[in-house]
Amino acid sequence: MSVVRRALPEDAEEVLRLRQIMIDSLFNDPATAWHGESLPTLRAKLGESEGDFTAFVVDHPERPGALASLVAGTIDYRIGKSGDPQGMVGFVFSVATDPDARRRGYARACMTTLLEWFRERGARRVQLTASPEAEPLYVSLGFRPKPDPLLELTL
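Everything quoted here is computed from the prediction, not taken from an experiment. (Residues numbered from 1 in each chain as written. Predicted model: local features only at pLDDT ≥ 70, side-chain atom pairs only at ≥ 80, totals over all residues. Heavy atoms only, no water.)

**Q** Give me the overall build of the chain: which residues, what numbers.
**A** Scanning the chain from terminus to terminus reveals four helices and five strands. Seen in sequence order, the chain has helices and strands lined up from the N terminus as β-α-α-β-β-β-α-β-α. In terms of overall size, the chain behaves like a compact globule, its C-alpha atoms giving a radius of gyration of 16 Å where 155 residues would be expected to give roughly 15 Å. Counting only C-alpha atoms and orienting by the principal axes, one finds that the chain spans roughly 50 × 35 × 30 Å. Considering only contacts within the chain whose residues lie at least 6 apart along the sequence, 64% involve residues at least 24 apart. (Helix = DSSP H or I, 4+ residues; strand = E, 2+ residues; numbered from the N terminus. Rg over C-alpha atoms; globule rule 2.2 N^0.38 Å. Contact = heavy atoms within 4.5 Å.)

Structural data, given as structure tokens:
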């Protein structure tokens, strides 16, 4: 059984390392210069015990001080609607496992913990974007494809 724990401020550099693994695999963007600017904010967010952001991790079993897996998510408020009057929506935006720690159930264990965190905070819906490789995991957890006419503007 994987021991999942909430990420702490001292995990920030490892969280960014795993996030970069995800970014590299999805977007082929090896740029890391942004890490230094991102670290102070990430450390502060990881230090908040309450709030709309969390990250859960599994420590790497063979490399002390390293993380094997990461999931991170936020809760957003959106005006309620039928079936979701409170309007609390979870969004998973980072799921990554160190390449040498894959196929051990770490991402599933972290996701299960994150989904419980969303439930405890009243989220009735959880959204994510999945790579083709990760989609079977999410489908096995109950996620279903949804056509979404999402548009995005970068400011």
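Moving on from the coordinates now.
**Q** Tell me about the pairing of strand β2 (residues 53–59), and name the residues and values.
**A** Across the seven residues of β2, six count as buried, placing the element largely inside the fold. Where strand β1 (residues 4–6) lies against β2, three bridges are found, and the strand directions are antiparallel. Looking at the pairing, Arg5 lines up with Val57 of β2. Where β2 meets strand β3 (residues 67–77), seven bridges bridge the pair, whose relative direction is antiparallel. When the bridges of β3 are listed, Phe56 appears paired with Val71. (Buried < 20%, exposed > 50% of the residue type's maximum accessible area, 1.4 Å probe, protein only. Pairing = 2+ DSSP bridges.)

**Q** Pulling in residues and values, what's your account of the sheet that holds β2?
**A** Pairing within the open sheet is mixed, and its five strands lie in the order β1-β2-β3-β4-β5. Edge positions in the sheet fall to β1 and β5 (125–128), since each of these pairs with one other strand and no more. Sheet twist, expressed as the mean angle between neighbouring strand axes with direction ignored, is 25°. Relative to strand β4 (residues 88–97), β3 runs antiparallel, the two sharing nine bridges. What sits directly across from Gly73, in β4, is Val92. (Axes fitted to C-alpha atoms, helices over the stretch in contact; angles between N-to-C directions.)

**Q** Describe the environment of His60, listing the residues and the values that go with them.
**A** Position of His60 among the secondary structure elements: in the loop between β2 and β3. Apart from the residues lying within four places of it in its own chain, the contact partners of His60 are Ala66, Leu67, Ala68, Asp98, Asp100 and Ala101. In this structure the side chain of His60 is engaged in a polar contact, spanning 3.1 Å, whose partner is the backbone nitrogen of Glu62. There is a polar contact of 3.4 Å between the side chain of His60 and the backbone nitrogen of Arg63. (Polar contact = N/O pair within 3.5 Å; in protein donor to acceptor, adjacent residues only side chain to side chain.)

**Q** Describe in detail unusual backbone geometry, supporting the description with residues and values.
**A** Despite not being glycine, Asn28 shows a phi value in the positive range, around 50°. Along the chain, the position of Asn28 falls in the loop between α1 (12–27) and α2 (34–47). What makes Asn28 exposed here is its relative accessible area of 66%.

**Q** Which residues make up the nonpolar core, and what are the values?
**A** Counting residues in hydrophobic clusters, the biggest one holds 21 residues, and the most contacted among them are Val71, Val95, Met111, Leu114, Phe118 and Tyr138. Going through the elements one at a time, β2, β3, β4, α3 (106–120) and α4 (135–140) are the ones with two or more residues in this core. The biggest single contributor to this core is α3, with eight residues. With near-sequence residues (within four places) excluded, Val71 lies in contact with Thr54, Ala55, Phe56, Ser94, Val95, Ala107, Cys110, Met111 and Leu114. Residues Ala12, Leu18, Ala55 and Leu70 belong to the second largest nonpolar core, which totals 18 residues. (Core = buried A, V, L, I, M, F, W, Y, C linked by side-chain atoms within 4.5 Å.)

**Q** So, the packing of α1 against α2: which residues are in play, and what are the values?
**A** For the pair α1 and α2, the least separation of the axes is 9 Å and the interaxial angle reads 120°. One finds that α1 runs oblique with respect to α2. Once α1 is placed against α2, the crossing between them reads as right-handed. For the pair α1 and α2, contact is made by Ala12, Glu13, Val15, Leu16, Gln20 and Ile23 and by Trp34, His35, Ser38, Leu39, Leu42, Arg43 and Leu46, respectively. Residues that form the contact of α1 with α2 fall into these classes: eight nonpolar, three polar and two charged. (Parallel < 35°, antiparallel > 145°, perpendicular 65-115°, else oblique. Left-handed = near helix turned anticlockwise from the far one by under 90°. Nonpolar A, V, L, I, M, F, W, Y, C, P; charged D, E, K, R; others polar.)

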